[in-house]
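# Structural overview
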Amino acid sequence: MVVGDEGGSVVGAINVGVVGFRWGCWKCSETVQCVVGPYRYGDKLIPLGDPAMLIAREILNQVGKSDIAELLVPSRYANGTRGELASHCASCGVVQGNYYVQQRALESLVESDGNIEILDLLADGSYDEAAWSELVSDEYSSVIYF
C-alpha cells in the first residue's frame, strides 16, 4: 500500500521492516519462523493484531517471502471460530500463539535494552505513512513498546 506519483517515485511512504524470530514448535519441535509484526524504522513500538499482521504479510509477499507469508494465517479455536492472524508451523500446521510470540519478543527487547536488532529482520519494504499513522494512533490497537 504505497502511493506513487506519475514519475514512479514513492510519495508519502515510510520504511517498514517485518520482524520475527525462530523457535521450536511447541507440538512437533521443528523450527518455526514466527512473525512478531511490522516495525517503522526509528519508532520504539511494534503494532500488533490483524491490521498489523496484514501489513506484515503484504510486505513479506512484496519481497518474495511468500513461504513465511503463507504461514501467517488466521488461527482457529476449538469451536471452529476464527482467531487472529498468527504464525503456523510449516511442518505440522499448528498455530504458535500470538500471546507467546509477542511475549517472547517483548522479553528479548527488554533484556537487550530496546535493541530491535535482537529480532530477525524478515523483510524490508515501504508502507503508506497516513495508513501507518492511523494504525498506531488507534486507541484500541495493541502495541509492544520498547
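These numbers come from a predicted model, not from an experiment.

On inspection of all chains with the given rule, the structure shows 5 aromatic pairs. Plain terms: the ring middles of Tyr39 and Tyr41 are 5.6 Å apart, the flat faces sit at 75 degrees to each other, and that makes the pair edge-to-face. A relative accessible area of 7% places Tyr39 in the buried class. Given a relative accessible area of 35%, Tyr41 falls into the partly exposed group. Here the aromatic rings of Tyr39 and Phe146 are separated by 6.0 Å at their centres, their planes lie at 45 degrees, and the arrangement is tilted. Taken together, the positions of Tyr39 in strand 4 (residues 31-40) and Phe146 in the segment after strand 9 (143-145) put the pair 107 residues apart, joining distant regions of the chain. Among the aromatic residues, ring-to-ring pairing joins Tyr39, Tyr41 and Phe146 into one connected group.

Criteria and cut-off values
Residues numbered from 1 in each chain as written. Predicted model: local features only at pLDDT ≥ 70, side-chain atom pairs only at ≥ 80, totals over all residues. Heavy atoms only, no water. Phe/Tyr/Trp six-rings, centres within 6.5 Å; stacked < 30°, edge-to-face > 60°. Buried < 20%, exposed > 50% of the residue type's maximum accessible area, 1.4 Å probe, protein only. Helix = DSSP H or I, 4+ residues; strand = E, 2+ residues; numbered from the N terminus.

Purely geometric stuff here, so don't read any function into it on its own.
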